[in-house]
Amino acid sequence: DNSGFAQVYVARSADRGVSWAAKRATDGTHHSGYPEISVAGNGTVGVLFIDYDDSGAHAVFRHHFARSFDGGGKWDDVILQSMDVSAIDNAATGFLWGDYEGLASAGNYFFGVFTGQSSNRAVIQLDPIFFKIPATR
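Residues numbered from 1 in each chain as written. Predicted model: local features only at pLDDT ≥ 70, side-chain atom pairs only at ≥ 80, totals over all residues. Heavy atoms only, no water.

A. Region of the structure containing the overall build of the chain. Helix and strand counts for the chain come out as zero helices and nine strands. Put simply, the chain runs from its N terminus to its C terminus through helices and strands in the order β-β-β-β-β-β-β-β-β. Here the chain has a C-alpha radius of gyration of 16 Å; the compact-globule value for 137 residues is 14 Å, and the two agree. Across the 137 residues that make up the chain, the buried fraction comes to 37%. Look at the contacts in the chain between residues 6 or more apart in sequence, and 44% of them connect residues 24 or more apart. Split by element, the accessible area of the chain, about 7700 Å² in all, is 51% carbon and sulfur. Within the chain, one finds 10 positive and 15 negative side-chain charges whose respective centroids are separated by 12 Å. (Helix = DSSP H or I, 4+ residues; strand = E, 2+ residues; numbered from the N terminus. Rg over C-alpha atoms; globule rule 2.2 N^0.38 Å. Buried < 20%, exposed > 50% of the residue type's maximum accessible area, 1.4 Å probe, protein only. Contact = heavy atoms within 4.5 Å. Areas by Shrake-Rupley, 256 points an atom, 1.4 Å probe, with all protein chains shown as cover. Lys, Arg positive; Asp, Glu negative; His and termini not counted. Charge placed at Lys NZ, Arg CZ, Asp CG, Glu CD.)

Here it is as structure tokens:
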């Protein structure tokens, strides 16, 4: 799109695929990718994705979770984790652009996992990070 960055869009059909409407789920300020999407029992749409900012000395990667309560019209976005992988021993290249993400829903909850920076470890490393977020405000 005209943002100049890779973006995540969600397309929706209200007429069983005859026509489609797409809305951007990301903010257009960074490269974004590797989306995972799920729809909760109450119709809330959830999207897990990663973006990065490489304008500084080291690239900073952020895992986002965005929810839409109106079928994709507007998105509420929260950053689940922000990390500079240059100090992580098992991130050899210093660049982590999508690795092992997953998202599902059950009832009115979203359950997800992504590869992120460990917490409560003596040596910082990449670990699976699990989360649970309600499909309500």
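B. Inspection of the side chain of His64 at higher detail. Along the chain, His64 falls in strand β5 (residues 60-68). Since its relative accessible area comes to 3%, His64 is described here as buried. Of note is the side chain of His64, whose polar atom sits 3.0 Å from the side chain of Asp51. Separated by 2.9 Å, the side chains of His64 and Asp77 make a polar contact. Sequence-distant contacts of His64, that is, excluding residues within four places in its chain, are made with Val47, Leu48, Phe49, Asp51, Asp77, Val78, Ile79 and Leu80. (Polar contact = N/O pair within 3.5 Å; in protein donor to acceptor, adjacent residues only side chain to side chain.)

C. Seen up close, the environment of Phe114. On the secondary structure map, Phe114 appears in strand β8 (residues 109-117). Here the alpha-carbon distance between Phe114 and Val39, two residues 75 residues apart in the chain, equals 18 Å. With near-sequence residues (within four places) excluded, Phe114 lies in contact with Leu48, His63, Leu80, Gln81, Tyr100, Glu101, Asp127, Pro128, Ile129 and Phe131.

D. Representation of the pairing of β5 in the model. In terms of burial, β5 is largely enclosed, as eight of its nine residues are buried. Of the strand pairs in this sheet, strand β4 (residues 45-53) and β5 are connected by nine bridges, and their pairing is antiparallel. Across the sheet, the residue bridging to Asp51 is Arg62, located in β5. In textbook terms, the turn of a hairpin is the stretch between consecutive antiparallel strands, and for β4 and β5 this stretch comprises six residues. Of the pairings in the sheet, the one linking β5 to strand β6 (residues 76-84) comprises eight bridges and is antiparallel in character. Paired with Val60 across the strands is Asp84, a residue of β6. (Pairing = 2+ DSSP bridges.)

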